[in-house]
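Below, each chain spelled out in residue letters.
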Amino acid sequence: MSYQCPLCQHELHFSNNQYRCENNHQFDNAKEGYVNLMPAHHKRSKNPGDNKEMMQARRAFLEAGHYQPMQQKVADLCQQYVTNDSASLLDIGCGEGYYTSKIAAQLDGKEAQVFGLDISKVAIKYAAKRYLNCKFSVASSHRLPFADQSLDGVVRIYAPCKGEELHRAIKNGGYLFTVTPAGHHLYELREGVYGDVRLHDEEPENINGFELIEEQKLTYHMQLNGTEALQLLDMTPFAWKATPDFKVNLKSLESFNCKADFMIRVYKK
């Protein structure tokens, strides 16, 4: 399976280190091994998505293994449900590829293709340079560069995506794997930023054309040092609300206990 042209929706063919469609739209494969399928007029800003500092914080935190239980659970579910040997699976909002690569490794031995997509060019550069068992692209999750009913599965960890676009790109009988924060996810960190904390809503998303077939809650405590706690803060959207004093105090801590609390769901089209 190949990509679809973001300009005319015809199939892209790879040759001479570039992707080209029948209408002669072409997209070069970067030296790091990814392709940028995000036309300038589709961007809302010059450099959308996470910046370099956020990516570095995320990579350092994830490499310490604090989200490894969730990573393994998602990879296990993909292996359980996506059984077609030549399956195509997409990780939307893949960031620097931590989950994407694990899913691809879990499906090793099959001829499956695992794709990672993110709006952040910085994130995709990090991913493509390190993880060679996946194909990565810079693209919008609201305009997936894949043909109608071409994907056996889609993984969506926190990432936004229109239900209509998921329904278009996933095959009949295909699967959507989602991870969202459960009620007490990062409660202690959010309490430090906001004071009063509202618990996350745990109601499942109602996605037109999909049936919820499995739901699991994964909860555990993370014992972090100050540097890790700051890295965790910096990879979350509420980092923008944290005061400079809170960040300094957080980094100075010898130990910070914080709860990881995830809702993991499988939907079938």
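Scroll up for the structure.
Summary of the structure given here. (Residues numbered from 1 in each chain as written. Predicted model: local features only at pLDDT ≥ 70, side-chain atom pairs only at ≥ 80, totals over all residues. Heavy atoms only, no water.)

Take unusual backbone geometry next. We note that N24 has phi near 70 degrees; this positive angle belongs to a residue other than glycine. By the element assignment, N24 lies in the loop between β2 (18-20) and β3 (26-28). Notably, L186 is not glycine yet its phi reads approximately 55 degrees, a positive angle. By secondary structure assignment, the location of L186 is in the loop between β9 (170-181) and α6 (187-194). (Helix = DSSP H or I, 4+ residues; strand = E, 2+ residues; numbered from the N terminus.)

Moving on, we come to the side chain of E165. Along the chain, E165 falls in helix α5 (residues 163-169). Using a relative accessible area of 13% as the deciding quantity, one classes E165 as buried. A distance of 2.8 Å separates the side chain of E165 from the backbone nitrogen of L144, its partner in a polar contact. Leaving out residues up to four positions away in the same chain, E165 has contacts with S141, H142, R143 and L144. (Buried < 20%, exposed > 50% of the residue type's maximum accessible area, 1.4 Å probe, protein only. Polar contact = N/O pair within 3.5 Å; in protein donor to acceptor, adjacent residues only side chain to side chain. Contact = heavy atoms within 4.5 Å.)

With that settled, consider the packing of aromatic side chains. For the structure shown, the criterion picks out 13 aromatic pairs. Between the aromatic rings of Y81 and Y175, the centroid separation amounts to 5.1 Å while the plane-to-plane angle is 45 degrees, which identifies the pairing as tilted. With a gap of 94 residues between them, Y81 in helix α2 (residues 68-81) and Y175 in strand β9 connect regions that are remote in the sequence. What makes Y81 buried here is its relative accessible area of 17%. (Phe/Tyr/Trp six-rings, centres within 6.5 Å; stacked < 30°, edge-to-face > 60°.)

Glancing now at helix α1 (residues 52-63). Its 12 residues place the ends of α1 16 Å apart at the C-alpha level, agreeing with the 16 Å of an ideal helix rising 1.5 Å per residue. Buried residues along α1 sit against α3 (98-106), α4 (121-130), β10 (211-224) and α7 (226-234). A positive phi of about 90 degrees marks G65, the residue just after α1. (Expected span 1.5 Å × (residues − 1).)

Let's shift gears to the environment of Q216. Within the secondary structure layout, Q216 lies in strand β10. Along the primary structure Q216 and T83 are separated by 133 residues, whereas in three dimensions their C-alpha atoms are 20 Å apart. For Q216, the contacting residues outside a window of four places in its chain are K73, L77, F262, M263 and I264. Engagement of the side chain of Q216 in a polar contact is seen with the side chain of K73, the distance being 3.3 Å. At a separation of 2.6 Å, a polar atom in the side chain of Q216 contacts the side chain of E214.

Once that is clear, we can look at the pattern of salt bridges. Under the counting rule described, the total for this entry stands at 9 salt bridges. Linking R168 and D148 is a salt bridge whose minimum nitrogen-to-oxygen distance equals 2.8 Å. Here R168, found in helix α5, pairs with D148, found in the loop between β7 (135-138) and β8 (151-157); they are 20 residues apart in sequence, far enough to count as distant. Between E205 and R156 there is a salt bridge, with the nearest N and O atoms lying 2.4 Å from each other. Pair noted here: E205 is in the loop between α6 and β10 and R156 is in strand β8, with a separation of 49 residues, a long-range link. Here the salt bridges do not stand alone but share partners, grouping D148, E165 and R168 into one network. (Salt bridge = Lys/Arg side-chain N within 4 Å of Asp/Glu carboxyl O.)

All right, on to the packing of α1 against α4 then. Between α1 and α4, whose axes approach to 9 Å, the crossing angle comes to 45 degrees. Of the possible angle classes, the one that applies to α1 and α4 is oblique. Taken together, the residues of α4 that come into contact with α1 (itself represented by K52, M55, Q56, R59 and E63) are V122, A123, Y126, A127 and R130. Of the residues contributing to the contact of α1 with α4, the split by class is 5 nonpolar, 1 polar and 4 charged. (Axes fitted to C-alpha atoms, helices over the stretch in contact; angles between N-to-C directions. Parallel < 35°, antiparallel > 145°, perpendicular 65-115°, else oblique. Nonpolar A, V, L, I, M, F, W, Y, C, P; charged D, E, K, R; others polar.)

Let's shift gears to the nonpolar core. If you look at the biggest cluster of nonpolar residues, it comprises 57 residues, and the most contacted ones within it are Y67, M70, L189, M222, L232 and L233. Once residues within four sequence positions are removed from consideration, L232 is found in contact with F61, Y67, L186, L189, M222, L224 and C258. In this structure, L37, F115, L166 and A169 belong to the second largest nonpolar core, which totals 27 residues. (Core = buried A, V, L, I, M, F, W, Y, C linked by side-chain atoms within 4.5 Å.)

We now examine the pairing of β7. Inspection of the sheet shows strand β4 (residues 35-36) paired to β7 by 2 bridges, in the parallel sense. Counterpart to N36 in the pairing with β7 is V138. Summarising the sheet, strand β6 (residues 113-118) and β7 pair through 4 bridges and their orientation is parallel. Along β7, the bridge assignment pairs D118 with V138. Once you follow β6 into α4 and on to β7, the crossover reads as right-handed. (Pairing = 2+ DSSP bridges. Right-handed = clockwise from strand over helix to strand, strands pointing away.)

Read these as geometric descriptors, not functional statements.
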